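# A structural walkthrough
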Amino acid sequence: MAEIDFPAEIRALRATYSSIENVTDVDALKAEIAELSEQAGAPDLWDDPASAQVVTSRLSHRQAEVERLSKLASRIDDLEVLVELGQDEGDEASMAEAAKELTSIRKALADLEIVTLLSGEYDEREAVVTIRAGAGGVDAADFAEMLMRMYLRWAERHGYPTTVMDTSYAEEAGLKSATFEVKAPYAFGTLSVEAGTHRLVRISPFDNQGRRQTSFAAVEVIPLIEQTDSIEIPDNEIRVDVFRSSGPGGQSVNTTDSAVRLTHIPTGIVVSMQNEKSQLQNRAAALRVLQSRLLLVKKEQQDAEKKALAGDVKASWGDQMRSYVLNPYQMVKDLRTEHEVGNTSAVLDGDIDDFIDAGIRWRTGNRNAAS
């Protein structure tokens, strides 16, 4: 194993850390924490529970950001001390531990560097992800379920809470569509690079002749609405339909009409919710997702107007953003970033951080080029 130049490596770590610290603006973060702490200490805070939740959640997130930076700075200092002691005493075990810690700190800094690239208006928000089966029949429905499992496993790996809000099962296997929420800071900014059309190529387990099939599924990611967002929807613009919740194979899982489908008449946007036990709960959840989608539509319209003023820039994401080839060879490849991985099982089990990081860097490069 090649000898590590620890002084040079530690200088590089400090330079990267300093760059992240400057972009993060720690002084502004601390000022915001002080302001939020004052709001959180107000005696009438919980008179409005929804607003209180926003304040306490934002305070927790900001404190975690500052703590994360502080811990990384301490880890770099500790690494330097460990290297000095190991070299002075000729302790091979200490040097091996230092090499392992160096790799770990590099990864932590890379992760933090990615977060600094999430500067979009809604990037800090929690995310609502919807997966829909596309062309490909039962294989597409099965692929939609595979993608849902992939994202839920990814969230689980990171310790991010998730809530499945709606599932519409296909008749033979898989899902027609599913909607779930990822409750973590920057979930929208992180997962929004996953939005687009995903393509699966494999020997179909549903084809009795064992032929290779290509199927598609669409992933939509929207930011979760907050209390401070002003999205009011007049009652006369919403059509409400109620129906019985269903499970796999069309099986009824509720004897009452508790599932709710909201249709926004002006835009045609449809949101269904059936995972809560009561119709009121499903309606409230559906309304919140509908508001989130309309918020994103509003943002896209504003961006389109700005783009029209600036002239045409880069092409859009395109119809297919990633291919999952399981036969005749195994490869998952992002068609935008060219990032590819041969271990398809690991990817479908939620190991998609490298794809997400490459996507965020790709998006940032496009934004910078456009501006």
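Right, let's walk through the structure included here. Keep in mind that what you see is a predicted model, and the values were worked out from it rather than measured.

## A look at the environment of Gly-159
With respect to the secondary-structure elements, Gly-159 resides in the loop between helix 5 (137–158) and strand 2 (162–169). Along the chain, Gly-159 and Ala-184 lie 25 residues apart, while their C-alpha atoms are 8.9 Å from each other.

## Digging into helix 5
Relative to the 32 Å expected for 22 residues at 1.5 Å per residue, helix 5 spans 32 Å between its end C-alpha atoms, a close match to the ideal helical length. Two residues or fewer after helix 5 comes Gly-159, characterised by a positive phi angle close to 75°.

## Overview of the pattern of salt bridges
Within this structure, the stated rule accounts for 25 salt bridges. Through salt bridges with shared partners, one network takes in Glu-32, Arg-58, Arg-62, Glu-65 and Glu-124.

## As for the layout of surface pockets
As a volume, the second largest pocket reaches approximately 900 Å³. What lines the second largest pocket is a set of 37 residues, among which Arg-68, Leu-112, Val-115, Pro-185 and Tyr-186 lie closest to the centre. When residues of the lining of the second largest pocket are traced back to their parent elements, those giving at least two are helix 1 (6–24), helix 2 (26–40), helix 3 (49–89), helix 4 (92–116), helix 5, helix 6 (187–191) and helix 9 (353–370). By residue number, the principal contributor to the lining of the second largest pocket is helix 3, which donates eight residues. Looking at side-chain class alone, the lining of the second largest pocket contains 17 nonpolar, seven polar and 13 charged residues.

## Description of the packing of helix 3 against helix 4
Packing of helix 3 against helix 4 brings their axes to within 10 Å, and their N-to-C directions diverge by 160°. As summarised for this structure, helix 3 and helix 4 are arranged roughly antiparallel, according to the angle between their axes. Seen from above, helix 3 lies across helix 4 with left-handed handedness. By residue class, the composition of the contact of helix 3 with helix 4 is 14 nonpolar, four polar and five charged.

## Thoughts on the sheet that holds strand 3 (residues 175–182)
Spatially, 2-3-1-5-4-9-10-11 is the arrangement adopted by the eight strands of the open sheet, whose pairing is mixed. Every other strand in the sheet has two partners, leaving strand 2 and strand 11 (340–341) as the edge strands with one partner each. Bridge analysis of strand 4 (residues 196–203) against strand 9 (residues 320–325) gives five bridges, and the strand direction is parallel. Looking at the pairing, Arg-199 lines up with Ser-323 of strand 9.

About the cut-offs
- Residues numbered from 1 in each chain as written.
- Predicted model: local features only at pLDDT ≥ 70, side-chain atom pairs only at ≥ 80, totals over all residues.
- Heavy atoms only, no water.
- Helix = DSSP H or I, 4+ residues; strand = E, 2+ residues; numbered from the N terminus.
- Expected span 1.5 Å × (residues − 1).
- Salt bridge = Lys/Arg side-chain N within 4 Å of Asp/Glu carboxyl O.
- 1 Å grid on protein atoms, 1.4 Å probe; cavity = no way out; pocket = protein on both sides within 12 Å on 5 of 7 lines; lining within 4 Å.
- Points joined across faces, edges and corners; volume = space filled by probe spheres on them.
- Nonpolar A, V, L, I, M, F, W, Y, C, P; charged D, E, K, R; others polar.
- Axes fitted to C-alpha atoms, helices over the stretch in contact; angles between N-to-C directions.
- Parallel < 35°, antiparallel > 145°, perpendicular 65-115°, else oblique.
- Left-handed = near helix turned anticlockwise from the far one by under 90°.
- Pairing = 2+ DSSP bridges.

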